[in-house]
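If you want the building blocks of each chain, they are given just below.
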Amino acid sequence: MRLLEMLSDRFGAFEAIAASSVRLARLDSDEQLPMEPLVAEAVLEFGEDLREAAAWVAERARSKDACRDAA
């Protein structure tokens, strides 16, 4: 679980680059974007999936702890 949290935290910088690329692509079709717009969209989608997975794992861990405490 901790590794997933670390990955999710560190992925934020990559998402920032992707979000900037998407915004810049909407304003100008400059060839010097940090990453291709389609790649940037995929990165942003993966970031959402990563956060959902981290939240799911954290919830499962809490529910297991609650079951252990109740027993």
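Before going into details, it helps to say that this report is about the structure given with it. No experiment lies behind these values; they were computed from the predicted model shown.

1. Focus: the overall build of the protein chain
For the protein chain, the count of helices and strands is 2 helices and 0 strands. Whereas a compact globule of 71 residues would reach a radius of gyration of roughly 11 Å, the protein chain reaches 17 Å, over 25% beyond that. Referenced to the eigenvectors of the C-alpha coordinate spread, the extents of the protein chain come out at roughly 60 × 15 × 15 Å. Counting the 71 residues in the protein chain, one finds 21% classified as buried. At a minimum sequence separation of 6, the contacts of the protein chain that also span at least 24 residues come to 55%. Approximately 5500 Å² of the protein chain is accessible, and the part contributed by carbon and sulfur atoms is 57%.

2. Observations concerning the packing of helix 1 (residues 2–27) against helix 2 (residues 37–70)
Interaxial distance between helix 1 and helix 2 falls to 8 Å at its minimum, and their mutual angle equals 150°. Comparing the axis directions of helix 1 and helix 2 gives the class roughly antiparallel. The hand of the helix 1/helix 2 crossing is left-handed. Split by residue class, the contact of helix 1 with helix 2 holds 17 nonpolar, 3 polar and 5 charged.

3. A short note on the nonpolar core
Within the largest apolar cluster, 7 residues are counted, these being F11, A18, V22, M35, A40, V43 and L50. Looking at this core, the elements that each hand over two or more residues are helix 1 and helix 2. With residues near it in sequence (within four places) discarded, A18 still touches M35, A40, V43 and L44.

4. Looking at the packing of aromatic side chains
In total, this model carries 2 aromatic pairs according to the counting rule given. Look at F11 and F46: their rings are 5.2 Å apart centre to centre, the planes differ by 70°, and that puts the pair in the edge-to-face class. One end of the pair, F11, is in helix 1; the other, F46, is in helix 2, with 35 residues separating them in the sequence. What makes F11 buried here is its relative accessible area of 11%. On the basis of relative accessible area, F46 is assigned to the partly exposed category, the value being 42%.

Criteria and cut-off values
- Residues numbered from 1 in each chain as written.
- Predicted model: local features only at pLDDT ≥ 70, side-chain atom pairs only at ≥ 80, totals over all residues.
- Heavy atoms only, no water.
- Helix = DSSP H or I, 4+ residues; strand = E, 2+ residues; numbered from the N terminus.
- Rg over C-alpha atoms; globule rule 2.2 N^0.38 Å.
- Buried < 20%, exposed > 50% of the residue type's maximum accessible area, 1.4 Å probe, protein only.
- Contact = heavy atoms within 4.5 Å.
- Areas by Shrake-Rupley, 256 points an atom, 1.4 Å probe, with all protein chains shown as cover.
- Axes fitted to C-alpha atoms, helices over the stretch in contact; angles between N-to-C directions.
- Parallel < 35°, antiparallel > 145°, perpendicular 65-115°, else oblique.
- Left-handed = near helix turned anticlockwise from the far one by under 90°.
- Nonpolar A, V, L, I, M, F, W, Y, C, P; charged D, E, K, R; others polar.
- Core = buried A, V, L, I, M, F, W, Y, C linked by side-chain atoms within 4.5 Å.
- Phe/Tyr/Trp six-rings, centres within 6.5 Å; stacked < 30°, edge-to-face > 60°.

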